[in-house]
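Each chain is listed here by its residues.
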Number of protein chains: 2
Amino acid sequence: MSDISSPPPADQLAAVTLDSDEIPKAEFSDRVPIQSIIRREDGGSGLAGKKARIGGWVKTGRKADKDAFAFLELNDGSCAGNLQVIVEASLSDLGQLVLTGTSVVVDGHLKLPPAGTKQKIELRADKVLHVGPVDPSKYPLPKGRLTLEFLRDFVHLRSRSNAISAVARIRNALAYATHTFFNKHGFLYVHTPIVTTSDCEGAGEMFQVTTLFSEAERLEKDLIQNPPPTEADIEAAKLVVQEKGEVVSQLKSAKANKKEISASVDELKKAKENVSKLEERSKLQPGIPRKDGKVDYTKDFFARQAFLTVSGQLQVESYVCALSSVYTFGPTFRAENSHTSRHLAEFWMVEPEIAFADLEDDMNCAEAYVKFLCQWLLDNCLEDMQFMADKIDKGCIDRLKLVASSPFVRLSYTEAVEILEESVKNGKKFENEVKWGIDLASEHERYLTEVKYQKPVIVYNYPKDIKAFYMRLNDDSKTVAAMDVLVPKVGELIGGSQREERYDVIQQRIKEMDLPVEPYEWYLDLRRYGTVKHAGFGLGFERMILFATGLENIRDVIPFPRYPGRADL
Amino acid sequence: MSDISSPPPADQLAAVTLDSDEIPKAEFSDRVPIQSIIRREDGGSGLAGKKARIGGWVKTGRKADKDAFAFLELNDGSCAGNLQVIVEASLSDLGQLVLTGTSVVVDGHLKLPPAGTKQKIELRADKVLHVGPVDPSKYPLPKGRLTLEFLRDFVHLRSRSNAISAVARIRNALAYATHTFFNKHGFLYVHTPIVTTSDCEGAGEMFQVTTLFSEAERLEKDLIQNPPPTEADIEAAKLVVQEKGEVVSQLKSAKANKKEISASVDELKKAKENVSKLEERSKLQPGIPRKDGKVDYTKDFFARQAFLTVSGQLQVESYVCALSSVYTFGPTFRAENSHTSRHLAEFWMVEPEIAFADLEDDMNCAEAYVKFLCQWLLDNCLEDMQFMADKIDKGCIDRLKLVASSPFVRLSYTEAVEILEESVKNGKKFENEVKWGIDLASEHERYLTEVKYQKPVIVYNYPKDIKAFYMRLNDDSKTVAAMDVLVPKVGELIGGSQREERYDVIQQRIKEMDLPVEPYEWYLDLRRYGTVKHAGFGLGFERMILFATGLENIRDVIPFPRYPGRADL
């Protein structure tokens, strides 16, 4: 891992133009974000003489002039760059101030630095309002080079590193760009469920959501504090019922007054209720409830087995068949025991769905969306992208420019296989055999996008046997209207398809694939009643960030990564 | 429930101005969204003579002129309004076409309707390209009045109703407004984890996430197909080891050649491995793994107990202590056995967090955010809000205007209690006693916001004993810097606080409240190293929709509601 402890020099950054020469304050705080000072076209020099309150964390600090001053590089996360702050010894304990990680709030005035320094503006402190100290012998993020691997063990602090804070800003920008793109094009954001009882792709890799364990624990405690009745307890209670019954009979046959009889009947009733309560309680068994040799999920919170969603697609299809253009953007889950740098147990997906659209519309949408994301980063995140280009992946900015500006290659699966076979003939070696019918392996996908075309490639019309039941059968009866968008660095970024809208065909496909029909009855309803052609796709949000930044490990592009054996915080 | 089957008349709708007189197409489909035609300032009349392809679902249809024509009210979800489409009998089977729920795609030309009709434009079909039929004897959503209660049993179809599709557009608008507001103010969107091992407010009400059941099932099947070895099997395998060992000894003492010895050693090694495999397998127990009388969570996917998050606050605090202004917007979960119209097991929360901010900044942010949402709906969703005003809650638009334009009342908790006590003196009856120290009940909150002030009220500085450990202790040592935003119709919409940033104080508070310190060590780190004052709040997204629309039941404002016993799809 390269050094990720310092931001790129200011003169390499693209400047941001702000609306006016006044310094915009953070609206819900009395400080000025550092971004508002240094990310102006003039680098902040036009603000010399103005007063500002600044808050942030010391990246590096040093004492100078025989400890008369401290020079602090202060960062507040609003941008990658730091503001240099000069503090006189009379204002604060400079020994604490210069330590990496210390938080500082100062009032000061902006001034031009001496000629020949890199920065265009600096702050001379007039008053130190707050210091949040750090004990450098204990602080987990010491000054200097810290690898991404090292930072993964401190997910609660790693956003203080330059790399992870840059990722956070890029991730935010891509999320906002996503909402902007789809809203601009008339798509409605639909929150599909996280807890689901529909199984899109096989329950084996799903997490189960349950309250059975906590219920069992609660019951276990309860039975210890309050042991269940013994048989003798129940017999005794039954005896009371018998006695009370006799009292009622006696009073009745003695023609006692109504009030007396009614009181004795009430007592009998209570005694009977007591017996049923005791009998009920005596049946309580600690542990997970079971019935007929299986876990009894009717006792679970949702009265059936429930899982974490693996995709919002099926559910969002119910909305597209009414609202015409929709998308979902939310967390999805896979309980795969996968320890690679490309897999997470919890990750975010963007899934648009378009009615009155076919596979070509779908590809057009996917291409336009990815281009939009790339252009957005170039327009809004160039400082952070420059950091990535300097520290992580030299080519990342050029890659964004290329993708934003050139049309994607489109190949049918059959053509793709022919190209791969051709390459094999010319001596290219693949680990996985190439022939019509295979699922393209990552090496094949990356050959197409990285070697053969060196830009994004959309492969469409895949063999039906390697794709899901809901993908629309083509007229050749051999392929389905599926498409994958492949990009350099990452391989598959997007998978999508035109959905099978013909009731007879989809029913047949469900049977062919040996899936149970019953769980899909609601999905078939969408084809039974007012069916329309529609298409959609899913983009793995973290993969998009890997593609954009050139980072290698998916655990570094989500704030709190979850994978086998690990779910910190 | 009032009738929700028909949209408001077109002349009551606020007009939308489109950029040009050309009809904007849906970009990734060849149809024109109905919105682009009828939601113009001129109601579409300026488009007369133009050709358009339209797709949608029939809301109502009728045959006319002795079955020579059908008049269809077509809706595509792009807006609340329908487009009237006229189809000649020669073009299609009109009997099918007029049935509610049928999908239709037509090419046609726009024309001015006869004078005196409500709509400003209609479409005369030239060609019917697609019909998705409906069998009215089976279609679950017949023409006519359908209550929201009825629709809840058909979550996969209910977005076809006017009410639920209006909610979907309002929900989308509020989500987009949320991202717009926070991005505009320099907040970064942070995806806090859904699966968490931190417990923010007590594990009792958390869902557990596990793979133990599926693992147990897998193992059970495996043990049936492939029974574990018996003791005899293991003895036999041990005998083989003994034999192989003897062979090795014999060969060695016979000074056999190296190759022979090495081969026999290999065989011995294999035999030994076989024994350990068999012994390992003989220990396999079907069922949930247990250790020391408890469930053994080290065998679970994350190697410990994991839950669905109840709030992203604690985790997002780790990001604010580096990035200064952040927010999260995602699903949260409560396993409460609550069957009310105000509770869901899965709901969405918006949680901003601001560094270098105190309680007043927090209140300013909350007020600005809620005002922004209200104004956004007035600016962008007036047609759907008009539907709500007509069918659900007369006052909803006025309420939005009031909230958007007038400052919120701000009261300390102590003042609020005084006002409530005063009202009790004046004869007001509450079910829950009013005195300093109580947690305000919903009836108290609604009295303040609905009766006393008739606008949003922020109550702040609550008694510390009724609030969470992380809220900042005030100088009076009796109250904490917490605040709730109360709004008419809903009561508590937002809860927030300034967070305790002082290490000693928060550690003391954790102990006072008898919480274990160890799980919060990472949270304490944020106070140990470079601590800064910060504040934040949470807005229940569904509550905001209830407030805006006046709908009564929270199950109607989320696409796929989850509550005890129910998780459809």
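This structure is a prediction, so every number in the text was calculated from the model and none was measured.

Rules and cut-offs
- Per chain, residues are indexed from 1 in the order of the written sequence.
- Key to labels: chains lettered from A, ligands numbered from 1, both in the order written.
- Per-residue local features are limited, in this predicted model, to residues with pLDDT of at least 70; the limit for side-chain atom pairs, both in listing and counting, is 80 or more; totals at the level of whole chains, interfaces and linings are taken over all residues.
- Heavy atoms from the whole structure form the basis of all side-chain values; hydrogens and water molecules are not counted.
- Counting from the N terminus, the helices are DSSP H or I runs at least four residues long and the strands are E runs at least two residues long.
- With C-alpha atoms as the basis for the radius of gyration, the globule rule is written as 2.2 Å multiplied by the number of residues raised to the power 0.38.
- Each residue's exposure class comes from its accessible area (1.4 Å probe, protein chains only) as a fraction of the maximum for that residue type: buried when under 20%, exposed when over 50%, partly exposed otherwise.
- For two strands to be treated as a pair, DSSP must find at least two bridges joining them.
- Lines are fitted to the C-alpha atoms to define the axes, a helix being fitted only along its stretch in contact, and any angle between axes, read from their N-to-C directions, falls within 0 to 180 degrees.
- Whether two residues touch is decided by their heavy atoms; if any such pair falls within 4.5 Å, the residues are in contact.
- Take a side-chain nitrogen of Lys or Arg and a carboxyl oxygen of Asp or Glu: if they are within 4 Å of each other, that pair is a salt bridge.
- Between N or O atoms, a polar contact is any pair within 3.5 Å; within protein, one atom must be a potential hydrogen donor and the other a potential acceptor, and residues adjacent in sequence are included only when both atoms are from side chains.
- Basically, the charged four are Asp, Glu, Lys and Arg, the nonpolar ten are Ala, Val, Leu, Ile, Met, Phe, Trp, Tyr, Cys and Pro, and anything else, Gly included, counts as polar.
- Each pair of aromatic rings taken from Phe, Tyr and Trp, with Trp reduced to its six-membered ring, is defined by centres within 6.5 Å and is described as stacked if the planes are under 30 degrees apart, edge-to-face if over 60, and tilted in the remaining cases.
- By definition, being over a ring means that NZ of Lys or CZ of Arg is both within 6 Å of the ring centre and within 35 degrees of the ring normal.
- By this rule, a helix spans an expected 1.5 Å times one less than how many residues it contains.
- Working note: the arc is built from the helix axis to C-beta atom directions.
- UniProt positions are given in the numbering used here, feature names are shortened, and annotations may be inferred rather than shown by experiment.
- Least squares is the method used to superpose the copies, on C-alpha atoms of residues holding a pLDDT of at least 70 in both.
- What pLDDT reports is the predictor's confidence in each residue, on a scale of 0 through 100.
- Roughly parallel here means an angle under 35 degrees, roughly antiparallel means over 145, roughly perpendicular means 65 to 115, and every remaining angle is called oblique.
- Handedness of a crossing follows from how the near helix is turned relative to the far one, being left-handed for an anticlockwise turn of less than a right angle and right-handed for a clockwise one.

Asks: Help me out: how do you make sense of the overall build of chain A in this one?
Replies: Within chain A, the regular secondary structure consists of 16 helices and 18 strands. For 569 residues, the compact-globule estimate of 2.2 N^0.38 gives 25 Å, and the C-alpha radius of gyration of chain A, at 33 Å, exceeds that figure by more than 25%. Projected onto its principal axes, the C-alpha positions of chain A cover 115 × 75 × 45 Å. Within chain A, the fraction of its 569 residues that count as buried is 57%.

Asks: I would appreciate a short explanation of the sheet that holds strand β5 (residues 122–132) of chain A in the present structure.
Replies: Sheets are built from strands that pair by backbone hydrogen bonding, the pairs being arranged parallel or antiparallel. Overall, mixed pairing links the five strands, which are arranged β1-β2-β3-β5-β4 (chain A) in a closed barrel. Direction aside, neighbouring strands of the sheet carry axes that sit 50° apart on average.

Asks: When you look at the interface of chain A and chain B in this model, what are you seeing that I'm missing?
Replies: Interfaces are often sized by the amount of accessible area the parts lose when they come together. Residue-level contacts link 117 residues of chain A with 117 residues of chain B. Here chain A is connected to chain B by zero salt bridges. The interface formed by chain A and chain B holds 48 residue pairs in polar contact (both at pLDDT 80 or more) in total. A breakdown of the residues in the side of chain A that touches chain B according to their chemical character gives 63 nonpolar, 36 polar and 18 charged. Strand direction decides the pairing type here: strand β8 (residues 208–210) of chain A and strand β8 (residues 208–210) of chain B, joined by three bridges, are antiparallel. Bridging across to β8(B), A:Gln208 finds its partner in B:Thr210.

Asks: Looking at this model, I keep getting lost on the pairing of strand β13 (residues 346–355) of chain A. Mind explaining?
Replies: Along any regular strand, the residues point their side chains to alternate faces of the sheet. Residue and element names in this part refer to chain A. Along β13, 10 of the 10 residues are buried, which leaves the element largely enclosed by surrounding structure. Here β13 shows two buried faces, one formed by Glu 346, Trp 348, Val 350, Pro 352 and Ile 354 and the other by Phe 347, Met 349, Glu 351, Glu 353 and Ala 355. Direction of pairing for strand β12 (residues 325–333) relative to β13: antiparallel, over a ladder of nine bridges. Across the sheet, Phe 333 pairs through a bridge with Glu 346, a residue of β13.

Asks: Would you take a moment to explain the environment of A:Asp42 for this structure?
Replies: All names here are of chain A. As for its position among the elements, Asp 42 is in the loop between α1 (34–38) and β1 (51–64). Each C-alpha atom of the pair Asp 42 and Ile 121 lies 9.4 Å from the other, and the pair is 79 residues apart in sequence. Here Arg 40 takes part through its side chain, which lies 2.7 Å from a polar atom of the side chain of Asp 42. There is a polar contact of 2.9 Å between the side chain of Asp 42 and the backbone nitrogen of Gly 46.

Asks: I would appreciate a short explanation of the packing of aromatic side chains in the present structure.
Replies: For any pair of aromatic rings, the description rests on two quantities: the centre-to-centre distance and the angle between the ring planes. Evaluation of the coordinates by the stated rule reveals 59 aromatic pairs over all chains. Seen from their ring centres, A:Phe430 and A:Tyr447 are 5.6 Å apart, and the 85° between their planes marks the pair as edge-to-face. With A:Phe430 in the loop between α12 (413–425) and α13 (442–452) and A:Tyr447 in helix α13, the pair connects residues that are 17 residues apart, well separated along the chain. For A:Phe430, a relative accessible area of 16% gives the class buried. Residue placement shows B:Arg527 over the ring face of B:Tyr523; its charged tip is 4.1 Å from the ring centre.

Asks: Please clarify how α12(A) should be interpreted in this entry.
Replies: One turn of an α-helix holds 3.6 residues; hence residues three or four places apart share an orientation. Residues and elements named next belong to chain A. Spanning 13 residues, α12 covers 18 Å between terminal C-alpha atoms, matching the ideal 18 Å at 1.5 Å per step. Where α12 is concerned, the buried positions are Tyr 413, Ala 416, Val 417, Ile 419, Leu 420 and Ser 423. End-on view of α12: buried residues confined to an arc of 160°, all on one side of the axis. Buried residues along α12 sit against β14 (409–412), α13 and β15 (457–463).

Asks: Any chance you could explain the pattern of salt bridges here in plain terms?
Replies: Pairing between side chains becomes possible if they bear opposite charge and their charged atoms approach one another. All names here are of chain A. For the coordinates displayed, the defined rule picks out 66 salt bridges over all chains. Here Arg 53 and Asp 30 are joined by a salt bridge, their closest N and O atoms 2.8 Å apart. One end of the pair, Arg 53, is in strand β1; the other, Asp 30, is in the segment before α1, and 23 residues separate them in sequence. Taken together, the salt bridges that share partners define one network made up of Asp 30, Arg 53 and Asp 107.

Asks: Looking at this structure, how should I read the UniProt feature "domain: Aminoacyl-transfer RNA synthetases class-II family profile" (unreviewed entry) in chain A?
Replies: In the UniProt entry, the feature "domain: Aminoacyl-transfer RNA synthetases class-II family profile" (unreviewed entry) is given for residues 326–559 of chain A. Secondary structure within residues 326–559 of chain A divides into 40% helix and 23% strand; the distance between the first and last C-alpha atoms comes to 27 Å.

Asks: Sorry if this is basic, but what is going on with the relation of the copies chain A and chain B here?
Replies: Put simply, the second copy of the chain is the first one after a rotation about an axis and a shift along it. Rotating chain A by 180° about the axis while translating it 0.1 Å along that axis superimposes it on chain B, leaving an RMSD of 0.1 Å. The symmetry that links the two subunits is that of a two-fold axis. When C-alpha positions in chain A are compared against the rotation axis, the closest is assigned to A:Val209, at 2.4 Å.

Asks: Please clarify how the sheet that holds strand β18 (residues 534–540) of chain A should be interpreted in this entry.
Replies: Residues and elements named next belong to chain A. The mixed open sheet is built from eight strands, whose spatial order is β6-β12-β13-β18-β17-β16-β15-β14. Sheet topology places β6 (188–189) and β14 at the edges, where each strand pairs with a single neighbour. Here β15 runs beside strand β16 (residues 479–487); their pairing, made up of six bridges, is antiparallel. Of the residues in β16, the one forming a bridge with Val 457 is Leu 486. With respect to the sheet, α12 is in contact with β14 and β15, its orientation differing from that of β14 by roughly 95°.

Asks: Just checking my understanding: could you explain helix α8 (residues 313–323) of chain B for this structure?
Replies: Within α8(B), 11 of the 11 residues are buried, which leaves it mostly tucked inside the rest of the structure. Looking at α8(B), one finds that the buried residues are B:Gln313, B:Leu314, B:Gln315, B:Val316, B:Glu317, B:Ser318, B:Tyr319, B:Val320, B:Cys321, B:Ala322 and B:Leu323.

Asks: Please clarify how the confidence of the model for chain A should be interpreted in this entry.
Replies: Interpretation of this model should avoid reading the predicted coordinates in detail wherever pLDDT is low. Residues and elements named next belong to chain A. This prediction gives chain A a mean pLDDT of 92; 95% of its residues lie at or above 70. Low pLDDT, under 50, characterises residues 1–21; the stretch is placed with 55 contacts to residues that sit more than four places away or in other chains. In the predicted complex, the global pTM is 0.92; the interface-specific ipTM is 0.92.

Asks: Which parts of the structure should I look at to understand the environment of A:Phe213?
Replies: Along the chain, A:Phe213 falls in helix α5 (residues 212–225). Separated by 243 residues in the primary sequence, A:Phe213 and A:Pro456 place their C-alpha atoms 47 Å from one another. Not counting residues up to four positions away in its chain, the partners in contact with A:Phe213 are A:Ile288, B:Gln208, B:Thr210, B:Leu212, B:Phe213, B:Ile288, B:Val295 and B:Tyr297.

Asks: So what exactly am I meant to see when it comes to the pairing of β1(A) here?
Replies: All names here are of chain A. The sheet contact formed by β1 and strand β4 (residues 103–111) spans seven bridges and is antiparallel. Residue pairing in the sheet places Gly 56 in a bridge with Val 104 of β4. In terms of strand pairing, β1 meets strand β2 (residues 69–75) through seven bridges, oriented antiparallel. By the bridge assignment, Arg 62 is partnered in β2 with Phe 71. Adjacent in sequence and paired antiparallel, β1 and β2 are bridged by four residues, among which Asp 65 carries a positive phi angle near 50°.

Asks: Where do I start with the side chain of B:Gln315 in this structure?
Replies: By secondary structure assignment, the location of B:Gln315 is in helix α8. A polar contact of 3.2 Å, which involves the side chain of B:Gln315, links it to the side chain of B:Thr196. Those residues in contact with B:Gln315, other than ones at most four positions away along the chain, are A:Phe560, A:Leu569, B:Thr192, B:Pro193, B:Thr196, B:Ser198 and B:Trp522.

Asks: Mind showing me how you'd approach the packing of helix α4 (residues 162–184) of chain A against helix α16 (residues 541–549) of chain A here?
Replies: Packed helices, taken two at a time, are described by their axes: the angle between them and the distance between them. All names here are of chain A. In contact at an axis separation of 11 Å, α4 and α16 are set at 120° when each is read in the N-to-C sense. What the angle tells us is that α4 and α16 run oblique. At the point where α4 passes α16, the crossing takes the right-handed sense. Facing α4, whose interface residues are Ile 170, Arg 171, Leu 174, Ala 175 and Thr 178, α16 presents Phe 541, Glu 542, Met 544, Ile 545 and Thr 549.

Asks: I tried to follow unusual backbone geometry on my own but got confused; where do I start?
Replies: It is generally the case that most residues other than glycine have a negative phi and that most peptide bonds are trans. With a phi close to 60°, A:Asp514 is a non-glycine residue in the positive phi region. The topology assignment puts A:Asp514 in the loop between α14 (503–512) and α15 (521–528). A residue is classified by how much of its surface remains accessible, and A:Asp514, at 72% relative accessible area, is exposed. Located in the positive-phi region is B:Lys66, a residue other than glycine, with phi close to 55°. By the secondary structure assignment, B:Lys66 is in the loop between β1 (51–64) and β2 (69–75). Judged by its relative accessible area of 84%, B:Lys66 falls in the exposed class.

Asks: Where do I start with the side chain of A:Arg31 in this structure?
Replies: One can find A:Arg31 in the segment before α1. Of the polar contacts made by the side chain of A:Arg31, one reaches the side chain of A:Asp76; its length is 3.1 Å. A distance of 3.5 Å separates polar atoms of two side chains, one belonging to A:Arg31 and the other to B:Ser325.

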